[in-house]
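The primary structure of each chain is shown beneath.
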Amino acid sequence: MNTETVEIPEDLQPYWMQLNCGFARVGLVFPDCMREALATLSKDGVEAYIENARFLGKMGRGAEPILIFLEEWPAVAKVLGEEVLPAVMDFVRKMTRSPNSKAITPFLQSLPTAARRLQSPQQFNDYLSIVQDFMERTTGSVHGIHQTFPSPGLPEFFKQVPVLLSQLSLGGLKNWVEYGVRYYHDHPERQIEYFSLQSADARAVMQRERQGTLLVDAERKLGMYLRGLWQDEDHLVPYSEVFDELRKPMPYFDSLGIRLPDAYDDEHGISGVDRYRAALAHMAAHRRWTKPVVADNISPFQRMAVEFFEDTRVEYLAMKEYPGLRKLFKALHPTPIEDACDPDKQSAVRHRLAMVSRAMLDPTCSYRNPDVCEIVARFRKMMAEGDSSTTEMVDLAISFIARTRRQADLSPDVYFDNTEIGYRDDNRHMWVFIEEGDEEDVFDKPEAPPQEEIKGLPPRHYPEWDYNSQSYRPDWVSVYEGLHPSGNAADIERLLTKHAALAKRLKKMLDLLKPQDKVRIRYQEEGSELDLDVAIRSLIDYKSGAQPDPRINMSHRNDGRNIAVMLLLDLSESLNEKVQGSGQTILELSQEAVSLLGWAVDKLGDPFAIAGFHSNTRHDVRYLHIKGYSEPWGDEVKGRLAAMEAGYSTRMGAAMRHAGHYLEKQQADKKLMLILTDGEPADIDSKDGRLLIEDARQAVKELDREGIYAYCINLDPKADEYVADIFGKQYTIVDKVEQLPVKLPELFISLTK
Amino acid sequence: MNNIDQYKVHKEPFYQAQSDEVALYEAAYAARLPVMVKGPTGCGKSRFIEYMAWKLNKPLITVACNEDMTASDLVGRYLLDANGTRWLDGPLTTAARIGAICYLDEIVEARQDTTVVIHPLTDHRRTLPLDKKGELIEAHPDFQLVISYNPGYQSLMKDLKQSTKQRFVGFDFDYPAASVEAEILSKETGIETELSAKLVKIGHAARNLKGHGLDEGISTRLLVYAATLIKSGVEAKAACRMALVRPITDDADIRDTLDHAIEATFA
């Protein structure tokens, strides 16, 4: 293309020559960009500007990079200073040398937003190093040295930078990137989904890293606030403000719960949690004082006014109840500037109403507008007389709208500044509409189609511990829970008769363990009661000059057992192996052992549950009930035990967490979880063998915090390598598996003695 | 005997009747029926009994029950002295001898086998056998037994036996209605009615949280403490935090919520 075709003003010619760019599109914008650059950049800065633009133009990536650079750089340099340019260009050069040059354009495009968000050159350099690290780690290489495949996520990432930086601090961004790089390293499609913020994971992790007060963290506090101060309760449901660009969602409530933003930053000196409280107070006040009105005869403007007035009324009443709320509302309610908009040119309805609302809330506010003053005075008078009502507000609002109507109100140019009141809800609860059919006499509802019966319970999600990052992967594992299929109870009876001799021996041990409740302890120096026999003997000794025994009191001790037990069986494929030297499989031996244990615990009367588990990737962990705490040790339970089958893998941590949540609810002094397994935790979707071991170890720690004692009975002769890592000292390895039926009940008895 | 005098209530305790409980108690006393009073902590149970003892002009012997208390702590025991053993009456025995009102506070705290010793005193027999001493005490005609307990923290372990429960007539106490409670605060401590209404409001906020992390709401007694502190010149919010919030919870979320309730109430 010929440079002569674009007209460059005389004074800019030298720069243009230096730029030496052939793209016609560049020529069109060059004069404007250059003038801005000359105005903002230093002399050296201009030099570098041209030089680097020239480089971008000659890079062979089309006109896009140089265009963006020319347009955006002056603004970026204004925020961050010119000295960050070398770092930026270094990074661009790195990208050109790697297969990632496609990402250059998105990167340059993201610069202005990044600069605006990060403000300081220091922060910006940190940002660049995060990005660079990201690029290097996700760029694929075939033989380890040469990078051959571009990073799939990088271009997507740059497109999301504005959203990310608006929500996350730099530290949060780093963690978010880290997470994506680690888990989707070898999965290009998933990586793209993650970095384009499409996958659920990406959003969940972003949620976790958000700045400000998260609703999930404050939920309990807010629930208490609602209950304590407003005698109200409801579900608090978060919504995200991040993903709706066009229409910002507002707080609201309906029959399904109260919706609040997922996070609030501190604002106007009000902490995030207090902003939540303000929003809740507003909605609780609506729920207490607002009566819905019919909307059909009210125009949209009137409706808006009614909402403003009613909002103000309930807040007024709320402040009467809790005067401290005034501080919150005053800080969060915008203060429209009286003469900020011209009511003859712009639609100023919102502006007027916001002024009214402000003036009603804040008596110190001094607006001169006579209409505003008059309506505020009327409002105050009404409120002084009592609680007033929604219908009175409707009348007041309609008269206000009628009085202040202007030609320009219908103009599409609506004045919005300082009129949006963020903590107020959208008032959907305030209106009822008379719909077609409402006034008819016939109320034949169409018959609802019969709903399909739900089979099984919905999955429960548990986090999984990742030792690499020392953090949980949120909701990583899905546990499906169900009843174990039933078999023939007589099989178990037969097993028990087979072990009759052993059972007899166990019974003797059990009798010794049986609780005896109150036991008298005699010969105590300090005790609750005088033991008369001993006391008199001592007295006689004393009188006869011998040394008396001072231990003349006695007391009582409670000797009860209060243990809840959970037996968790690993039902993975490996149980089907035959045990050397006996014709039985491990599964059959476990079955015998569990039957005996079940029988023994039933004799003792401790609350007791049995469940089995196996897993087939993190998406499908099965948790099978064999016996519940309230179920008797009867045929039904024995039937399930008889039908025990093995298959799939061992994702132990999730199963332990799930079993733990049942055991946790038991009321007992001691809680014991026995885990019977024949190998290390493993699953087919986990390549790193350490991962599930570390997760199980973490699960043991969690259980310990809940006061649950986890104990492992391991049938794997090679278990020494890992079992201590998971359970510390709380394990036994049964080398001779054929002895399991003897060992297991004995072990239980010795554990609970 | 001068001994009786020490158990008398000499000065009229302030008690604000909530309904007809004073008349009902007088009727029960006239028939010498054993009485139980139930209600949450600090709602005025003990104050009521004290007031009634004053009104009836009878001595009052109060026993705070606890888990380590044994039957001999109530009835009496042999002690050793230089010449041998000596019998010492327990509070229940003393009350039965001198004709006092014996008030067993928080009876469920005592073990169930301990509480059985009151049985012969609480039916038509009105006797107390001292088996170790070999004596049978006929209760004085003025003697009456009163027990109190708090059904709030009744666990499975801590409950009265039916055979014990069914020997008493009962009064159910609760925190007074907001206006009455505010009046109590004002009369007890002399603070402004407006201020006591605010204190009561905070109390209600906490009582709404009962069962949701709080075992028991803020009692009238604690409200009186707060009012006393404020009366003595402590800044209101600080007094509330100190008297109303810190004692009842260690839970950070609840503490925060109640602190906010204080902020919201005292603007």
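In this text the structure is predicted, and so the values were computed from the model without any measurement.

Q: Hey, could you run me through the overall build of chain B in this one?
A: Each helix and strand in chain B was counted, giving 12 helices and nine strands. With 267 residues in all, chain B has 39% of them scored as buried. In chain B, the share of contacts with a sequence separation of at least 24, taken over all contacts with a separation of at least 6, comes to 70%.

Q: What's the story with the overall build of chain A in this structure? I'm lost.
A: Helices and strands together make up the secondary structure of chain A, namely 27 helices and 20 strands. The buried share of chain A, reckoned over its 753 residues, is 36%. Within chain A, counting contacts between residues at least 6 apart in sequence, those at least 24 apart form 71% of the total.

Q: What's the story with unusual backbone geometry in this structure? I'm lost.
A: Trans is the common state for peptide bonds, and a negative phi is the common state for residues other than glycine. A positive phi angle, near 45 degrees, is found at Gln231(A), a position not held by glycine. Looking at the secondary structure, you find Gln231(A) in the loop between α12 (215–230) and β4 (236–239). With 12 C-beta atoms counted inside 10 Å, the residue Gln231(A) sits in the exposed group. Of note in this structure, Arg126(B) is not a glycine but carries a positive phi near 50 degrees. According to the C-beta neighbour criterion, Arg126(B) is partly exposed, with 18 such atoms within 10 Å.

Q: Sorry, what's going on with the sheet that holds strand β5 (residues 252–254) of chain A here?
A: Strand pairing in a sheet is mediated by backbone hydrogen bonds. Such pairs are either parallel or antiparallel. Residue and element names in this part refer to chain A. In space, the three strands of this open sheet follow the order β4-β6-β5, with mixed pairing throughout. Since the sheet does not close on itself, it has two edges, and those belong to β4 and β5, each with one partner. Each strand axis lies, on average, 30 degrees off the axis of its neighbour in the sheet, ignoring direction. As defined by bridge partners, β5 adjoins strand β6 (residues 257–261) across three bridges and the pair is classed as antiparallel. Counted as the bridge partner of Asp254 is Gly257 from β6.

Q: In this structure, what is going on with the interface of chain B and chain A? I would like to understand it.
A: Reports of interface size often rely on the accessible area that becomes lost once the parts have come together. Of the residues lining the interface, 24 residues belong to chain B; the matching set on chain A comes to 19 residues. Those elements that provide at least two residues to the side of chain B that touches chain A are β3 (76–81), α9 (193–208) and α12 (252–265) of chain B. Take the side of chain B that touches chain A: its biggest share by element is nine residues, from α12(B). For the side of chain B that touches chain A, a count of residues per class yields 10 nonpolar, nine polar and five charged.

Q: Hey, could you run me through the sheet that holds strand β20 (residues 731–733) of chain A in this one?
A: All names here are of chain A. If you walk across this open sheet you meet the eight strands as β10-β11-β17-β16-β15-β18-β19-β20, and the pairing is mixed. Two strands close off the open sheet at either side, each with one partner strand: β10 (460–466) and β20. Averaged over all pairs of adjacent strands, the angle between their axes in this sheet comes to 25 degrees, without regard to strand direction. As defined by bridge partners, strand β18 (residues 670–677) adjoins strand β19 (residues 708–714) across seven bridges and the pair is classed as parallel. When the sheet's bridge partners are listed, Thr677 is paired in β19 with Asn714. Sitting on the sheet, helix α22 (residues 586–604) touches β15 (563–570), β16 (608–615), β17 (621–627) and β18, and the angle it makes with β15 is about 170 degrees.

Q: So what exactly am I meant to see when it comes to the packing of helix α13 (residues 272–289) of chain A against helix α14 (residues 300–321) of chain A here?
A: Helices that pack against each other are described as a pair by the angle of their axes relative to one another and the distance between those axes. Residues and elements named next belong to chain A. Relative to each other, α13 and α14 sit at 100 degrees, their axes nearing to 9 Å. What the angle tells us is that α13 and α14 run roughly perpendicular. Contact with α13, carried on its side by Ala281, His282, Ala285, His286 and Trp289, involves Val314, Glu315, Leu317 and Ala318 of α14 and no other residues of that element.

Q: What exactly am I supposed to notice about helix α7 (residues 121–138) of chain A here?
A: Given 3.6 residues to a turn, an α-helix orients residues that are three or four positions apart in the same direction. Residue and element names in this part refer to chain A. Here α7 spans 26 Å end to end across 18 residues, near enough to the 26 Å set by a 1.5 Å rise per residue. Listing the buried residues of α7 in full gives Phe124, Tyr127, Val131, Phe134, Met135 and Thr138. Along α7, the residues classed as buried sweep out an arc of 100 degrees about the axis, all on the same side. In this structure, the buried residues of α7 make contact with α4 (64–80), α6 (104–118), α8 (153–167), α9 (170–183) and α10 (188–195).

Q: Help me out: how do you make sense of the environment of Ser42(A) in this one?
A: Position of Ser42(A) relative to the elements: it lies in the loop between α2 (24–40) and α3 (43–57). Considered as a pair, Ser42(A) and Glu82(A) are 40 residues apart in the sequence and their alpha carbons are 8.4 Å apart.

Q: Please clarify how the environment of Leu214(A) should be interpreted in this entry.
A: Residue and element names in this part refer to chain A. Summarising the element assignment, Leu214 is placed in strand β3 (residues 213–214). For Leu214, a count of 18 C-beta atoms within 10 Å translates into the label partly exposed. Expressed as a C-alpha distance, the spacing of Leu214 and Pro238, which sit 24 residues apart in the sequence, is 9.3 Å. Discounting chain neighbours no more than four positions away, the residues touching Leu214 are Asp262 and Ala263.

Q: Any chance you could explain the pairing of strand β5 (residues 101–105) of chain B here in plain terms?
A: Across a regular strand the side chains alternate sides, sitting on one face of the sheet and then on the other. Residues and elements named next belong to chain B. Of all five residues that make up β5, four are buried, and the element is covered over most of its length. Pairing of strand β2 (residues 60–64) with β5 involves five bridges; the strand directions are parallel. Each bridged residue has a counterpart across the sheet, and for Thr62 the counterpart in β5 is Tyr103. As defined by bridge partners, β5 adjoins strand β8 (residues 144–149) across four bridges and the pair is classed as parallel. If you follow Cys102 over to β8, its bridge partner there is Leu145.

Q: Just checking my understanding: could you explain the pairing of β18(A) for this structure?
A: Residue and element names in this part refer to chain A. Buried residues dominate β18, accounting for seven of its eight residues. Sheet topology note: the β15/β18 ladder contains seven bridges and is parallel. The residue of β18 that forms the bridge with Ile563 is Lys670. Taking the sense of rotation as the criterion, the β-α-β connection linking β18, helix α25 (residues 689–705) and β19 turns out right-handed.

Q: Teacher, can you tell me more about the nonpolar core here?
A: The tendency in soluble globular proteins is for nonpolar side chains to be buried side by side. Counting residues in hydrophobic clusters, the biggest one holds 87 residues, and the most contacted among them are Leu280(A), Val356(A), Ala397(A), Ile202(B), Leu223(B) and Ala226(B). For this core, the leading source of residues is α13(A), giving nine residues. The contacts of Ile202(B), once residues within four sequence positions are left out, are Ile218(B), Cys240(B), Leu244(B), Ala261(B), Ile262(B) and Thr265(B).

Q: Quick question: what am I supposed to make of the confidence of the model for chain B here?
A: Detailed conclusions should not be drawn from predicted coordinates in areas where pLDDT is low. Residues of chain B with pLDDT of at least 70 account for 97%, and the chain-wide mean is 88. This complex was scored by the predictor with a pTM of 0.61 and an ipTM of 0.73.

What counts as what
- Residues numbered from 1 in each chain as written.
- Chains lettered and ligands numbered in written order.
- Predicted model: local features only at pLDDT ≥ 70, side-chain atom pairs only at ≥ 80, totals over all residues.
- Helix = DSSP H or I, 4+ residues; strand = E, 2+ residues; numbered from the N terminus.
- Buried ≥ 20, exposed ≤ 12 C-beta atoms within 10 Å, placed from the backbone.
- Contact = placed C-beta atoms within 7 Å.
- Pairing = 2+ DSSP bridges.
- Axes fitted to C-alpha atoms, helices over the stretch in contact; angles between N-to-C directions.
- Nonpolar A, V, L, I, M, F, W, Y, C, P; charged D, E, K, R; others polar.
- Parallel < 35°, antiparallel > 145°, perpendicular 65-115°, else oblique.
- Expected span 1.5 Å × (residues − 1).
- Arc of directions from axis to C-beta.
- Right-handed = clockwise from strand over helix to strand, strands pointing away.
- Core = buried A, V, L, I, M, F, W, Y, C linked by C-beta atoms within 7 Å.
- pLDDT = per-residue confidence, 0-100.

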